[in-house]
Amino acid sequence: MYKFFKRLLDIIVSLITLIILIPVFIPIIIILRFSAEGEVFYFQQRYGIYNSKFQIWKFATMLKNSMKMGTGSITLKNDPRVTNIGSFLRKTKINELPQIVNILKGDISLVGPRPLVTKTFKAYNKVVQSKIYNVKPGLTGIGSIVFRDEESIISAVTDEEPHEFYKRVIAPYKGELEMWYQEHNSFYLDLQLIFITAWVILFPNSKLYEKWFKDLPNRNF
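Just so you know, the residues in each chain are numbered from 1, in the order the chain's sequence is written. At least 70 in pLDDT is required for a residue's local features to be given in this predicted model, at least 80 for side-chain atom pairs to be given and counted, and no such filter applies to totals for whole chains, interfaces and linings, which use all residues. Excluding hydrogens and water, the side-chain values take into account all heavy atoms of the structure.

A. Representation of the pairing of strand E1 (residues 41-47). As judged from the seven bridges shared by E1 and strand E2 (residues 53-59), these two strands associate in the antiparallel manner. Its bridge partner being in E2, Gln45 is matched across the sheet by Gln55. Whether two strands pair comes down to DSSP finding at least two bridges between them. Segments assigned H or I by DSSP are reported as helices when at least four residues long, segments assigned E as strands when at least two residues long, and all are numbered from the N terminus. From the end of E1 to the start of E2, which pair antiparallel, there are five residues, and Tyr50 there has a positive phi angle of about 55°.

B. View of the environment of Ile142. Residue position: Ile142 is located in helix H6 (residues 142-146). Only protein chains enter the accessibility calculation, which uses a 1.4 Å probe. A residue is then buried if its area is under 20% of the maximum for its type, exposed if over 50%, and partly exposed in between. The exposure class assigned to Ile142 is buried, which follows from its relative accessible area of 0%. Between the C-alpha atom of Ile142 and that of Leu189, which follows or precedes it by 47 residues, the distance is 9.9 Å. Residue contacts are counted whenever heavy atoms from the two residues lie within 4.5 Å of one another. The contact partners of Ile142, leaving out residues within four places of it in the chain, are Leu177, Glu178, Trp180, Tyr181, Leu193, Phe213 and Leu216.

C. Representation of a positive patch on the surface within the structure. The grouping of Lys53, Lys122, Lys126 and Lys167 at the surface amounts to a positive patch. Along the chain, the position of Lys122 falls in the loop between helix H4 (118-121) and helix H5 (126-131). Like-charged residues are merged into a patch within 9 Å and nonpolar side chains (Val, Leu, Ile, Met, Phe, Trp, Tyr) within 5 Å, provided each residue has over 30% relative accessible area and no salt bridge. Residue burial considers only the protein chains on display, and all accessible areas are found by Shrake-Rupley using a 1.4 Å probe. Any carboxyl oxygen of Asp or Glu within 4 Å of a side-chain nitrogen of Lys or Arg constitutes a salt bridge here. Under the counting rule used here, the positive set is Lys and Arg, the negative set is Asp and Glu, and His together with the chain ends is not counted. In plain terms, the charge of a residue is placed at NZ if it is Lys, CZ if Arg, CG if Asp and CD if Glu.

D. Examining the packing of aromatic side chains more closely. Aromatic pairs are defined between Phe, Tyr and Trp rings, using the six-membered ring for Trp, whenever the two ring centres lie within 6.5 Å; interplanar angles under 30 degrees are classed as stacked, those over 60 as edge-to-face, and all others as tilted. For the coordinates displayed, the defined rule picks out 15 aromatic pairs. These aromatic residues form a ring-pair network of at least three members: Phe25, Phe41, Phe43, Trp57 and Phe59. Criterion for a charge above a ring: Lys NZ or Arg CZ within 6 Å of the ring centre, and within 35 degrees of the ring normal. Between Arg219 and the ring centre of Phe147, over which it is positioned, the NZ or CZ distance is 5.8 Å.

E. Region of the structure containing helix H8 (residues 162-184). Here the expected span of a helix is defined as 1.5 Å times the quantity of residues minus one. Spanning 23 residues, H8 covers 31 Å between terminal C-alpha atoms, matching the ideal 33 Å at 1.5 Å per step. In this analysis the local bend is the angle between axes fitted, respectively, to the seven residues ending at and the seven residues starting at the residue. Roughly 40° is the biggest bend found in H8, and it falls at Ile170, with proline Pro172 one to four residues downstream. As used in this structure description, the phrase polar contact means that two N or O atoms lie within 3.5 Å; if the pair is within protein, one of them must be able to donate a hydrogen and the other to accept it, and residues adjacent in sequence are counted only when both atoms belong to side chains. Measuring from the side-chain oxygen of the N-cap residue of H8 to the backbone nitrogen of His163 gives 2.9 Å; that N-cap residue is Glu161.

F. The arrangement of the pattern of salt bridges in detail. Considering all chains together, one arrives at seven salt bridges under this definition. Here Glu96 makes a salt bridge to Lys58, at a shortest N to O gap of 3.6 Å. One end of the pair, Glu96, is in the loop between helix H2 (84-92) and helix H3 (99-105); the other, Lys58, is in strand E2, and 38 residues separate them in sequence. The exposure class of Glu96 is buried, given its relative accessible area of 17%. Given a relative accessible area of 13%, Lys58 falls into the buried group.

G. The arrangement of the packing of H8 against helix H9 (residues 187-202) in detail. Viewed as axis vectors pointing N to C, H8 and H9 meet at an angle of 135°, and their least axial separation amounts to 9 Å. Regarding the angle of H8 to H9, the classification is oblique. Judged by residue contacts, Trp180, Tyr181 and His184 of H8 engage Leu189, Asp190 and Leu193 from H9. For this scheme, ten residues count as nonpolar: Ala, Val, Leu, Ile, Met, Phe, Trp, Tyr, Cys and Pro. Four count as charged, namely Asp, Glu, Lys and Arg, and the remainder, Gly too, count as polar. Taken together, the residues of the contact of H8 with H9 sort by class into four nonpolar, one polar and one charged. Here an axis means a line fitted to C-alpha atoms, over the contact stretch when the element is a helix, while the angle between two N-to-C directions is reported on a 0 to 180 degree scale. Reported orientations rely on four angle classes, namely roughly parallel under 35 degrees, roughly antiparallel over 145, roughly perpendicular from 65 to 115, and oblique for the rest.

Function-wise, these values are silent; they only describe arrangement.
Okay, structure coming up:
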């Protein structure tokens, strides 16, 4: 029953959101088409339900072949690979909105662990790798909320290579958070996470999730 209502919510919300955002999407598409390198959408292979693969949709925010430049799959604050318009889209999270198409297709849900590329997925330990996508990945989730400032966290580290820091520090805690989600997942929890996502976009420094979820794993950094 939970899966049925979760999927129903995904379809209803994504359809309504897509209709509402069409007037927003049109100028963004035009600007992207005639700026930077002319790319509008960015498609990338990600891990999906039961570790299957799918192509995620995003607005293009970085230079072509950016995965082969600089820090690769990890984006830093003020990353030179990010275009001017891309910086705004990433800061406001507008670049993630084309994933509404992925939600309609059933690739992802509104709420769940973020779908990752292979390199960041492999940063999880074997146990987390085998369990994290037993639920459908999502547009947002507890990991996305807690690490909404991930780029700034990694950029602040000057004595360690970004991928090593991610593997040593961020991935283990993210894994714990997503295992917490699976232990507690419910339709009500999904609604809470959707509300908190909207809240932290408006109030980036808010720690509302800490007040609502007292039993989250302890942060290790």
